[in-house]
Amino acid sequence: MQDTKTQLISADRLISFDDPVLVTGAAGFVGNRVVECLLKKGFRKVRCLARPTGNIERLQKIIADYGQEGQSEIIIGNLLSRLDCRQATKEVKVIYHLAAGTGTKSFADAFLNSVVTTRNLIEGALEHHCLKRLVNLSSFAVYTNRNKKDKNLLDESCPVEEKPGQRAEAYCFGKVKQDELVIEYGKKKGLPYVLLRPGVVYGPGKKGITGRAGIDTFGLFLHFGGSNPIPFTFVDNCAEAIVLAGLIPGIETEVFNIVDDGLPTSRSFLSQYKKNVKWFPSVYVPHALSYLFCSLWEKYCSWSGNQLPPVFTRAEWSAYWKKTRYSNEKLKTLLGWKPLIPTADAMQLFFDSCREKT
């Protein structure tokens, strides 16, 4: 971390260490690490926006450990309140917008907590005429993973879902609409922005197995991933990329995918998880069969008038289980990013944490 800080001091940065920075969703899993990363790099005025229901204990400890007394602060507010947004963005030069509607199955809630909140935040920031960049945290969920030039590669040039409402995933819908809103403000009002799309963010504090490996909906874990690499990014590595996206000049309107090096295959990850955390029975479903399963489920849903929810569709299969490889070259080239923690070490930290909570 010291090496990174030295580079930032000597390099051309977008803002100074005394410029106010706002982090929304600061009490969250990624938000905590972003705040910590900013403070470790030497930024003194980090404003942390947390929900009234957020757990701010870890955030308080981070500020006490790494912040300078009286400089950084925690603000309790609601992004659905335009007044809270105006107050939170006052004098702020860079916004790291991490707050989003997660964990909801309602498309209306996803829109409200990802799109309406983002609009309020942007409007509040633009009123002050001092914003130099909005870093908006999007997701791999927005990609279709279909109709690509390179069938196996998913990178920043890949198409985004044009009709996210047809995906049985409210989070995807909310994130696609959020990205569209940010891009629209960039075109119409000159909003300086960068879009970041992390893969599967993991690390101590999270547990469980990503759905990209498979599902346990039917009481038995069906392993759909097979030889596919999982687009993991360790939370500390992800936070480093997010912070750099707000500091490097000349990258406005760019999109960056965030994935680590040395990604494990789904099969390898599942094997390591069983060995390090707990064993459970699983059945591998070859790609052709998993595609057929999703196709038949989709057709039955249509035929029956959605007696079954359209959870397993060809769109979902393409997004999560189609044979795919990933690239972080753009992240390395334009941001000078590299993983702080190698994948092997990061995985062990994750497994140790999962085992403690099992």
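Criteria and thresholds
- Residues numbered from 1 in each chain as written.
- Predicted model: local features only at pLDDT ≥ 70, side-chain atom pairs only at ≥ 80, totals over all residues.
- Heavy atoms only, no water.
- Helix = DSSP H or I, 4+ residues; strand = E, 2+ residues; numbered from the N terminus.
- Contact = heavy atoms within 4.5 Å.
- pLDDT = per-residue confidence, 0-100.
- Axes fitted to C-alpha atoms, helices over the stretch in contact; angles between N-to-C directions.
- Parallel < 35°, antiparallel > 145°, perpendicular 65-115°, else oblique.
- Left-handed = near helix turned anticlockwise from the far one by under 90°.
- Nonpolar A, V, L, I, M, F, W, Y, C, P; charged D, E, K, R; others polar.
- Pairing = 2+ DSSP bridges.
- Buried < 20%, exposed > 50% of the residue type's maximum accessible area, 1.4 Å probe, protein only.
- Polar contact = N/O pair within 3.5 Å; in protein donor to acceptor, adjacent residues only side chain to side chain.
- Expected span 1.5 Å × (residues − 1).
- Phe/Tyr/Trp six-rings, centres within 6.5 Å; stacked < 30°, edge-to-face > 60°.

**A closer look at the environment of F269**
Here comes step 1: Position of F269 among the secondary structure elements: in helix 8 (residues 266–276).
Here comes step 2: If we skip the residues at most four places from it in the chain, F269 touches I209, I230, F232, P264, M347, F350 and F351.

**Some words on the confidence of the model for the protein chain**
Here comes step 1: Looking at the protein chain, the pLDDT average stands at 92 and 96% of residues meet or exceed 70.
Here comes step 2: Predicted confidence for residues 1–7 stays below pLDDT 50, and this span has ten contacts to residues more than four positions away or in other chains.

**Some thoughts on the packing of helix 2 (residues 29–41) against helix 7 (residues 235–245)**
Here comes step 1: The contact between helix 2 and helix 7 brings their axes to 9 Å, and the two run at 60°. Accordingly, the angle class assigned to the pair helix 2 and helix 7 is oblique. In this structure, helix 2 meets helix 7 at a crossing whose hand is right-handed. Counting all contacts with helix 2, which are made through F29, V30, R33, V34, C37, L38 and K41, the residues of helix 7 involved are V235, D236, A239, E240, I242 and V243.
Here comes step 2: Class assignment for the residues of the contact of helix 2 with helix 7 results in nine nonpolar, no polar and four charged.

**Overview of the sheet that holds strand 2 (residues 46–50)**
Here comes step 1: Pairing in this open sheet of seven strands is parallel, and the strands run 3-2-1-4-5-7-12 from one edge to the other. Of all strands in the sheet, those bounded by a partner on one side alone are strand 3 (73–76) and strand 12 (255–258). Averaged over all neighbouring strand pairs, the angle between strand axes comes to 20°, with direction disregarded.
Here comes step 2: With four bridges connecting them, strand 4 (residues 94–97) and strand 5 (residues 133–137) associate as parallel partners. Paired with H97 across the strands is N136, a residue of strand 5.
Here comes step 3: Contacts from helix 3 (residues 57–66) reach strand 2 and strand 3 within the one sheet, and its direction differs from that of strand 3 by about 155°.
Here comes step 4: Helix 6 (residues 170–189) contacts strand 4, strand 5 and strand 7 (193–198) of the sheet and is inclined by roughly 160° relative to strand 7.

**Focus: the sheet that holds strand 9 (residues 214–215)**
Here comes step 1: An order of 9-10-13 is seen for the three strands of this open sheet, with the pairing classed as mixed. Of all strands in the sheet, those bounded by a partner on one side alone are strand 9 and strand 13 (282–284).
Here comes step 2: Of the strand pairs in this sheet, strand 10 (residues 221–223) and strand 13 are connected by three bridges, and their pairing is parallel. Residue pairing in the sheet places H223 in a bridge with Y284 of strand 13.

**Here we look at the pairing of strand 7**
Here comes step 1: Here strand 7 lies mainly inside the structure; six of its six residues are buried.
Here comes step 2: Side chains of strand 7 alternate between two faces, with Y193, L195 and R197 and V194, L196 and P198 buried alike.
Here comes step 3: Both strand 5 and strand 7 contribute to a ladder of four bridges, which runs parallel. Bridged to N136 within strand 7 is L195.
Here comes step 4: The pairing of strand 7 with strand 12 spans four bridges and is classified as parallel. Paired with L195 across the two strands is V255, which belongs to strand 12.

**Thoughts on the side chain of N32**
Here comes step 1: Here N32 is to be found in helix 2.
Here comes step 2: Only 3.3 Å separates the side chain of N32 from the side chain of R58, close enough to count as a polar contact.
Here comes step 3: Not counting chain neighbours up to four residues away, the residues in contact with N32 comprise A26, A27, R58, L59 and I62.

**Section: helix 9 (residues 287–303)**
Here comes step 1: Helix length check: helix 9, at 17 residues, gives a terminal C-alpha distance of 24 Å against a target of 24 Å (1.5 Å per residue), a fit within 8%.
Here comes step 2: Its buried side turned inward, helix 9 meets strand 13 and helix 10 (314–320).

**With respect to the packing of aromatic side chains**
Here comes step 1: This structure, assessed with the given rule, holds 26 aromatic pairs.
Here comes step 2: Summarising the aromatic geometry, the rings of F218 and F312 are spaced 6.1 Å apart at their centres and angled 35° between planes, so their arrangement reads as tilted. On the criterion of sequence distance, the pair formed by F218 in the loop between strand 9 and strand 10 and F312 in the loop between helix 9 and helix 10 is long-range, its members being 94 residues apart.
Here comes step 3: The exposure class of F312 is buried, given its relative accessible area of 5%.
Here comes step 4: Note on Y273 and F280: the rings are 6.3 Å apart at their centroids and 65° apart in plane angle, and the pair reads as edge-to-face.

**Quick word on the side chain of T117**
Here comes step 1: Its location among the elements puts T117 in helix 5 (residues 107–128).
Here comes step 2: The class for T117 is buried, based on a relative accessible area of 4%.
Here comes step 3: In this view, T117 contacts L79, L80 and L112; residues no more than four positions away in its chain are not counted.

**Focus: the packing of helix 5 against helix 6**
Here comes step 1: Two elements in contact, helix 5 and helix 6, have axes separated by 8 Å at closest approach and are oriented at 25°. Relative to helix 6, the element helix 5 lies roughly parallel. The two elements helix 5 and helix 6 cross, and the hand of that crossing is right-handed. On helix 6, the residues that touch F107, A110, F111, S114, V115, T118, R119, I122, E123 and L126 of helix 5 are A170, F173, G174, K177, Q178, L181, V182, Y185 and K189.
Here comes step 2: Of the residues that constitute the contact of helix 5 with helix 6, the class distribution is eleven nonpolar, four polar and four charged.

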